[in-house]
Amino acid sequence: MIANRKVLIFSVFCIGTFSVLAKEASWETLFDGKSLAGWEVRGGVAQYRVEDGCIVGKTVEGSPNTFLCTMKEYGDFILEFDVRCDPKLNSGVQIRSHIYYHDTVFPIWRDGQRIDNKHKAGDVYGYQVEIASAETGTSGGVWDEARKGMWLDATSQDPVASKAFNNGEWNHYRIECIGPRIRTFINDIPCADFVDTSDVSGFIGLQVHSVSRGLTAEVRWKNLRIKDLGRHVWKPLFDGQTLDGWHTLPGGSWQVKNGILIGSSLATETKHGLLVSDEVFGDFVASVRFKAVKGNSGLYFRVEESGDAVGVHGFQAEIDGANDVGGLYETAGRAWVIQPKPEEVATWFKPGDWNTMTVYARGQDIVVHVNGYKTAELKNDPGRLEGRLALQLHGNQDMEVQFRDVSILVRGKVSEPFNGKDLDNWIAKPGSGKENLWVVGIPEMNKDNPKQLIAKNGVGAMINLTKEHGQSQDFYSRQTFGSGRFEVEVMVPQGSNSGVYLMGEYEVQVLDSFGRERMGSGDMGAIYGAAPPPFNANTPPGTWQKYVIDWQTPVFNDKPEKIKNARFIRVQLNGQMLHESLVMPNQTPGGVDGREKPVGPLMFQGNHGSVAYRNIIVTEW
């Protein structure tokens, strides 16, 4: 047993904290009533215009679903707007949404049959808050657009919420997104209220739905305003290198290999093997990525150590190689509380592959998801309200189970080192080039010379206008950062080269590698000189591409000596996973000062080629 017992109750679920944040935050207008500045059209070719202080969306025959989207992304927020929609037209507002950067196949299940839904590059996907005619009763519900293609919380069967929307009138919407919880209101009437862990940030989009031939219709929005309440971020509980933060209970063995936590046990072992968190958790959201090779496992939560053969007593979300995955079982208690049917498990579980499970526990409410599908939900459950997390190896079975992410959702510290307006918070690195050629504007690939970018008048992006190697300089933030999530959009012209340096020392490569079949350690998506990308995730030169990088800093003792290496937890480019749990024994070449340290700036390479960056967001945990 661990003597020093600390209870962690995260602010993600603290109603008092939310109330304080909401009260202190200021309303920001999303639409100035005069122009569509700060918005961009995605997905289709429906028309948007400004008229009488409103955004007006008009259908275009033959167009797929079209969305007017904010260029900025939001995590936790309160969004309010008024909408009036032609009863002949279906519409909606996307929240925490994204685009497919490449043609994508997303499998869904209907009546026990798998259907491969195909989505084109540029299609918008994510949570959609419904706007529809009063007769449907669906307004205020939340639909999973262009992904699972299903209601996440429907209002049509609710006798009050289904009547909240009024045809031909202005209807007032309020949407609250805090951590994994989403709530909607129409004309002050509560509609949707549910938990989903698929997305905790993304853009907002105003939809004009596709229409049948010969139909012309419009939808109008006004008074769009938002309170930005920060972001949540997944903080690792497993460092990818050691078992720090965990302790074992007898039975089986645990080891770390290539960033993967591997548990194994023989059928001759009668005791359950357990890897138990040192910390005790109250309300939380936990996430694990697992591969069940053989035998029965589980993610225990809110458990207490029992000292008997099973090791702990309490709830587990079931993990198995074939059966019951995502169900809820209470050890030394009620046994199966929710046991899914085999045909249900087949719709969300991928045997022999990596799967993602999340567990939400707030007070007496519990929700389990597997691969984005809700598999179990309890309300007002009488079970324990705090306890440890644990990973299980079942006794009397030949066991092997693997975990590569074990994380907890926490409220992050959000920074935007580039404000989109000026470069006051950035420093040109002396000696890295002849002169500082970084400016603020709207980038565009030069039509006369596609190897160069030009800067049009405006704001939003930092642009390096160098014309030759060594002319401009590397550029780094005055602010320094530690572990967290780094998000940045980048535009690179034809054949150009740059790099994103975390802590000013670890380079994620930026290069026009579009169309290249064999990728090397100097191509886009590579950790420069350390690891090439496994495939080409690039989009064409002159388009915006997006990096999402989860990063763990090196750890130093008081001397200071490095006692744990830095690690790229995940590197995603354009929605594609390129690297996972990549340990960095040393920094890469060309950094700010060539030294590893506990914190450091964000640097963009500027002495190699023309490049532009925007929407730079760092969320530290």
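Look above for the structure.
Just so it is clear, the structure is predicted and the values come from calculations on it, not from any experiment. (Residues numbered from 1 in each chain as written. Predicted model: local features only at pLDDT ≥ 70, side-chain atom pairs only at ≥ 80, totals over all residues. Heavy atoms only, no water.)

(A) Geometry of the pattern of salt bridges. Counting across every chain of the model gives 48 salt bridges. Among the salt bridges present, the one from Arg-411 reaches Asp-76, with a minimum N-O distance of 3.3 Å. A residue pair is termed long-range when its members are at least 10 positions apart, and Arg-411 in strand 33 (residues 399–411) and Asp-76 in the loop between strand 6 (66–70) and strand 7 (77–85) qualify at 335 residues. Since its relative accessible area comes to 0%, Asp-76 is described here as buried. The salt bridge partner of Glu-580 is Arg-289, with a shortest N-O separation of 2.2 Å. One end of the pair, Glu-580, is in strand 46 (residues 576–584); the other, Arg-289, is in strand 24 (residues 284–294), and 291 residues separate them in sequence. Classification of Glu-580 by relative accessible area gives partly exposed; the value is 22%. Members of the salt-bridge network, linked through shared partners, are Arg-289, Arg-404, Asp-405, Arg-485, Asp-550, Arg-570 and Glu-580. (Salt bridge = Lys/Arg side-chain N within 4 Å of Asp/Glu carboxyl O. Helix = DSSP H or I, 4+ residues; strand = E, 2+ residues; numbered from the N terminus. Buried < 20%, exposed > 50% of the residue type's maximum accessible area, 1.4 Å probe, protein only.)

(B) Representation of the sheet that holds strand 38 (residues 475–481) within the structure. If you walk across this open sheet you meet the 5 strands as 35-38-47-40-41, and the pairing is antiparallel. A strand with exactly one partner marks an edge of an open sheet, and here the two such strands are strand 35 (426–428) and strand 41 (506–511). For this sheet the average axis-to-axis angle between neighbouring strands, irrespective of direction, equals 25°. Judged from the 2 bridges that link them, strand 40 (residues 497–502) and strand 47 (residues 600–604) form a sheet pairing that is antiparallel. What sits directly across from Val-500, in strand 47, is Phe-604. (Pairing = 2+ DSSP bridges. Axes fitted to C-alpha atoms, helices over the stretch in contact; angles between N-to-C directions.)

(C) Fine view of the sheet that holds strand 13 (residues 151–153). Read from one edge to the other, the open sheet built from 7 strands follows the order 3-6-17-8-11-12-13, with strand pairing classed as antiparallel. With one partner strand each, in any of the chains shown, strand 3 (39–42) and strand 13 form the two edges of the open sheet. In this sheet, neighbouring strand axes are inclined to one another by 30° on average, regardless of whether the strands run parallel or antiparallel. Pairing between strand 6 and strand 17 (residues 203–208): 4 bridges, direction antiparallel. For Thr-66, the partnering residue across the bridge sits in strand 17 and is Val-208.

(D) Local environment of the packing of aromatic side chains. Under the defined criterion, the tally for this structure stands at 18 aromatic pairs. Measuring from ring centre to ring centre gives 6.4 Å for Phe-290 and Phe-349, while their planes differ by 10°; the resulting arrangement is stacked. Linking Phe-290 in strand 24 with Phe-349 in the loop between helix 2 (342–348) and strand 29 (355–362), this pair joins segments that are 59 residues apart in sequence. In this structure Phe-290 comes out as buried when scored by relative accessible area, which is 0%. Of the residues examined, Phe-349 reaches a relative accessible area of 7% and is grouped as buried. Taken together, the aromatic side chains of Trp-426, Trp-438, Phe-475, Phe-604 and Tyr-613 make up a single cluster linked through ring pairs. Over the aromatic face of Trp-170 sits the side chain of Lys-222, whose NZ or CZ is 4.3 Å from the ring centroid. Above the face of the Trp-27 ring, Arg-225 is positioned so that its terminal group lies 3.8 Å from the ring centre. (Phe/Tyr/Trp six-rings, centres within 6.5 Å; stacked < 30°, edge-to-face > 60°. Lys NZ or Arg CZ within 6 Å of the ring centre and 35° of its normal.)

(E) Seen up close, the pairing of strand 32 (residues 387–393). Of all 7 residues that make up strand 32, 7 are buried, and the element is covered over most of its length. Note that strand 23 (residues 273–281) and strand 32 share 6 bridges and pair antiparallel. Paired with Leu-274 across the strands is Gln-392, a residue of strand 32. Taken together, the 3 bridges between strand 25 (residues 296–305) and strand 32 define a ladder with antiparallel strand orientation. The partner of Leu-299 across the bridge, within strand 32, is Leu-391.

(F) Representation of the nonpolar core. Membership of the largest hydrophobic core comes to 42 residues, with the highest contact counts inside it found for Leu-79, Phe-81, Val-93, Ile-95, Ile-131, Trp-221 and Leu-224. The set of elements that each furnish at least two residues to this core consists of strand 7, strand 8 (91–99), strand 11 (124–131), strand 14 (171–178), strand 15 (181–186), strand 16 (189–195), strand 17 and strand 18 (218–228). Of the residues forming this core, the biggest block, 5 residues, is contributed by strand 7. In contact with Ile-95, not counting residues within four places along its chain, are Phe-77, Leu-79, Tyr-127, Val-129, Ile-175, Cys-177, Ile-182 and Phe-203. (Core = buried A, V, L, I, M, F, W, Y, C linked by side-chain atoms within 4.5 Å. Contact = heavy atoms within 4.5 Å.)

(G) Just unusual backbone geometry, in detail. The omega angle of the peptide bond from Lys-559 to Pro-560 is -5°, so this bond is cis rather than trans. As for its placement among the helices and strands, Pro-560 is situated in the loop between strand 43 (555–556) and strand 44 (562–564). We note that Asp-52 has phi near 55°; this positive angle belongs to a residue other than glycine. For Asp-52, the location among the structural elements is in the loop between strand 4 (47–51) and strand 5 (54–58). Since its relative accessible area comes to 73%, Asp-52 is described here as exposed.

These results come straight from atomic positions and should not be treated as a statement about function.
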